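Structural features, examined
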Amino acid sequence: MRNIIIKNAAQVVTCSGFRGKRGSEMSDLQVIDNGTVIVTDGIISHILQPGEPIPVEEKDYQITNAEGKALLPGFVDPHTHFVFGGYREEEFSWRMRGDSYMDIMHRGGGIVNTTNATRAATEEELTPSGHERLDAMMHLGITTVEGKSGYGLDRETELKQLRVMRRLNETHAMDVVPTFMGAHATPAEWKGREDAFIDFNIREMFPLVAQEKLAESVDIFCEKGVFTIAQSRRYLKAAREHGFLLKMHADEIISLGGAELAAEMHCLSADHLLQASDAGIRAMADASVVATLLPLTAFSLREPYARGREMIDAGCIVALATDLNPGSSFTASVPLLFALACIYMQLTPEEAVTAFTINSAAALNRADSIGSIDIGKQGDLLLLQFPSYKFLPYHVGMNIVETVIKKGEIVI
Ligand code: NIG
Ligand code: FE
């Protein structure tokens, strides 16, 4: 049944809105105390103030008593690499000994290590592991997830990763939004020929991915020693011509001008941004590029956190994501994400909730259909064990999501 009435929630944390929120707008969650929400045929149909009569036939609906619990929109995770083969636990212990993420990458480990394992895995192997990761994310309250290719770096494996995501989108309750990331790293067979590898992606991969409608956006790892600003600009311009929306891994390790390029290219989002410059932050605010911050990655790599507080104060649309991947952030811990965002990036609990709901929906170009409790949006909701959203960062590292509702059906 896709009809449900969630009665008398201690808080209905609506996050109301149909576009990304910037700056001070991020503080207003538009909470209704003791409210009731009705989902009809998978879509939010009524949002009732306390005491308002139920305007539908209750016998046609599943009824959930939400007294003492906060009701929120399902979380939207707008940056992950959740389809991959193999693991990199050895590299983690090398990092703990002092090797840097980029040292390991330049020795042929890192992304290329996972690429070898992903090339060797069949679709039948990648699908169940992807399915399990989606299960784990849904238990944490995530109802829509973005997933990137980029562990193939050749024609067949990139398409394989994207097809696995398409299949998981069809078979799992989670909505999966696929991104093509052919320029994640340069594989061994193209080493030293980075420009030619970019050309390969532009000439061969973009048309294939566009034709099969396997991805909505295109992403690139713009970083010293990976892909330059000039290569990124060329790749993104060509991607736009194929109708893709644009994303970037920008200014993660070195301040290269990635945020500025994201603004120049009018990217949908720029992600990581640990080293984004003041000018880059201002440019992103002016160009309405969503600044997607990944504090679990900074934590795992022991790197300084992105300047989330300053970005919001500068008027940016800030989103949060887990970056789940086997290297730099092997976690989808939403509880830790909220704690780090507030404790170390100095977001308020209200800003953090906005960043992982309506603004992360905006980072996926879906602010019109998910990310808030508004009439007409998809019935993706979650109930907390506690009466306030403020427990999300406060109850550090604990999963307090009790119930997850996807398109009007209880799935957790
Ligand atoms: O978002 N920085 C580049 N890409 C990923 C990491 C991928 C990997 O290490 O496998 C990221 O952190
Ligand atoms: Fe990433």
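Placed above this text is the structure.
My aim in this report is to walk through the structure given alongside it, one point at a time. Fair warning: this is a prediction, and the values are worked out from it, not measured in the lab. (Residues numbered from 1 in each chain as written. Chains lettered and ligands numbered in written order. Predicted model: local features only at pLDDT ≥ 70, side-chain atom pairs only at ≥ 80, totals over all residues. Heavy atoms only, no water.)

1. Regarding the site of ligand 1
Looking at ligand 1, there are 16 residues lining it, with R88, Y101, Y151, E252 and S328 nearest. One of the side-chain nitrogen or oxygen atoms of H79 is found 3.5 Å away from an oxygen atom of ligand 1. Relative to its free-state accessible area of 330 Å², ligand 1 is covered by the protein chains to the extent of 100%. For the shell around ligand 1, the class distribution of residues is 4 nonpolar, 9 polar and 3 charged. (Near = heavy atom within 4 Å. Polar contact = N/O pair within 3.5 Å; in protein donor to acceptor, adjacent residues only side chain to side chain. Areas by Shrake-Rupley, 256 points an atom, 1.4 Å probe, with all protein chains shown as cover. Nonpolar A, V, L, I, M, F, W, Y, C, P; charged D, E, K, R; others polar.)

2. Some details on the packing of aromatic side chains
Evaluated as defined, the whole model comprises 17 aromatic pairs. Arranged with centres 5.6 Å apart and planes meeting at 50°, the rings of W190 and F197 form a pair that is tilted. Positioned above the aromatic ring of W94, the side-chain terminus of R107 is 5.2 Å from the ring centre. One cation-aromatic arrangement involves K377 over F18; the distance from NZ or CZ to the ring centre is 4.9 Å. (Phe/Tyr/Trp six-rings, centres within 6.5 Å; stacked < 30°, edge-to-face > 60°. Lys NZ or Arg CZ within 6 Å of the ring centre and 35° of its normal.)

3. Here we look at the sheet that holds strand 7 (residues 142-148)
Across the sheet, which stays open at both edges, the 8 strands sit in the order 6-7-8-9-10-11-12-13 with parallel pairing between neighbours. The two strands at the open ends of the sheet, each matched to only one other strand, are strand 6 (75-77) and strand 13 (317-320). The average undirected angle you get between the axes of adjacent strands in this sheet is 25°. Running over the sheet, helix 5 (residues 155-171) touches strand 7 and strand 8 (175-183) and is turned about 175° from strand 8. (Pairing = 2+ DSSP bridges. Helix = DSSP H or I, 4+ residues; strand = E, 2+ residues; numbered from the N terminus. Axes fitted to C-alpha atoms, helices over the stretch in contact; angles between N-to-C directions. Contact = heavy atoms within 4.5 Å.)

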